Amino acid sequence: MNTLFSNKESIKFGWMKAKENLSFFALLSFTIFCVSLLFSEAASNSTNSIAIIIFNIAQVVFGVLLGMGYIYITLLSVRGESFGVKDIVKPAPQFWKYFGGSLVYAFFVLLGFVLLIVPGVILMIRLGFYKYLIIDKKDITIRQAMRESMLITKGVTWKLFLFTILIGLINLLGLLCFVVGLLVTVPLSAIAYAYVYDKLLRRLEPVVEEKNETPAVPLEVQN
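What you see is a predicted model; the values in this text were computed from it and never measured.

Asker: Looking at this structure, I do not really get the nonpolar core. What am I missing?
Answerer: For soluble globular proteins, the rule of thumb is that nonpolar side chains tend to be buried together. One finds Phe129, Leu160, Tyr197 and Leu200 to be the most contacted residues of the largest nonpolar core, which totals 47 residues. Those elements that provide at least two residues to this core are α1 (7–20), α2 (22–45), α3 (49–78), α4 (95–115), α6 (130–136), α7 (142–152), α8 (157–176) and α9 (182–201). Looking at which element gives the most residues to this core, the answer is α9, with 10 residues. Beyond its immediate sequence surroundings of up to four residues, Tyr197 is in contact with Leu75, Arg79, Phe129, Tyr132, Leu133, Asp136 and Ile152.

Below you can see the structure in the form of structure tokens.
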């Protein structure tokens, strides 16, 4: 069975693209970290309970928005399209759908871990591309994003699990390099994930989004 991607190829592609735009991605990663740290420090140093709540909410909102922008930019990079700072805010209209999808994803993964560890890991991997689908396909619903993530990951769960472990080790290496290494490994990892998503997405036949439509069947993966 052709899985359409390899771990080595994905990491190599991520490194190549990250290296081409290292200053941009390093600055973006650093900005996301600083914004999160800023709101966190403001909340911890505040003595007003209302202010603490506001800072915490702001941290979540800005964190989600910047994370969405990061994913969108990595997809543009993978597909060879130009990108810039202005593209960070383009996925913003999908905020509530993305946020809702994150809650649904967290619920199912947590449920899987409560039942048994293995189902939790499987759901974490199989549903994990919901965020890319929500950002990539503006008209998709949360339910469709979850379903399509399950479809594109069918038959490659173990390979994606190994890929996730490899990405974790790469970022651990970046952390050990005086933390500064994360400015390289984080964009490398993000681009590699976007590359894998883009490859797996091609396994689906064109889908006409209709309310009662039967989901598309992955090409070459009918087990």
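Asker: Which parts of the structure should I look at to understand the environment of Glu9?
Answerer: Tracing the backbone through its elements, the reader meets Glu9 in helix α1. Classification of Glu9 as partly exposed rests on a relative accessible area of 32%. For the pair Glu9 and Val196, spaced 187 residues apart in the sequence, the C-alpha separation amounts to 9.5 Å. Excluding residues within four positions of it along the chain, Glu9 makes contact with Tyr195 and Lys199.

Asker: What's the story with the environment of Asp87 in this structure? I'm lost.
Answerer: Along the chain, Asp87 turns up in the loop between α3 and α4. Residue classification places Asp87 among the buried residues on the basis of a relative accessible area of 3%. Along the sequence, Asp87 and Gly69 sit 18 residues apart, while their C-alpha atoms lie 6.7 Å from each other. Here Asp87 is in contact with Tyr72, Ile73, Leu76 and Ser82, once residues within four sequence places are set aside. At 3.0 Å, the side chain of Asp87 forms a polar contact with the side chain of Lys90.

Cut-off values and rules
Residues numbered from 1 in each chain as written. Predicted model: local features only at pLDDT ≥ 70, side-chain atom pairs only at ≥ 80, totals over all residues. Heavy atoms only, no water. Core = buried A, V, L, I, M, F, W, Y, C linked by side-chain atoms within 4.5 Å. Buried < 20%, exposed > 50% of the residue type's maximum accessible area, 1.4 Å probe, protein only. Helix = DSSP H or I, 4+ residues; strand = E, 2+ residues; numbered from the N terminus. Contact = heavy atoms within 4.5 Å. Polar contact = N/O pair within 3.5 Å; in protein donor to acceptor, adjacent residues only side chain to side chain.

Purely spatial values, then, with no claim about function.
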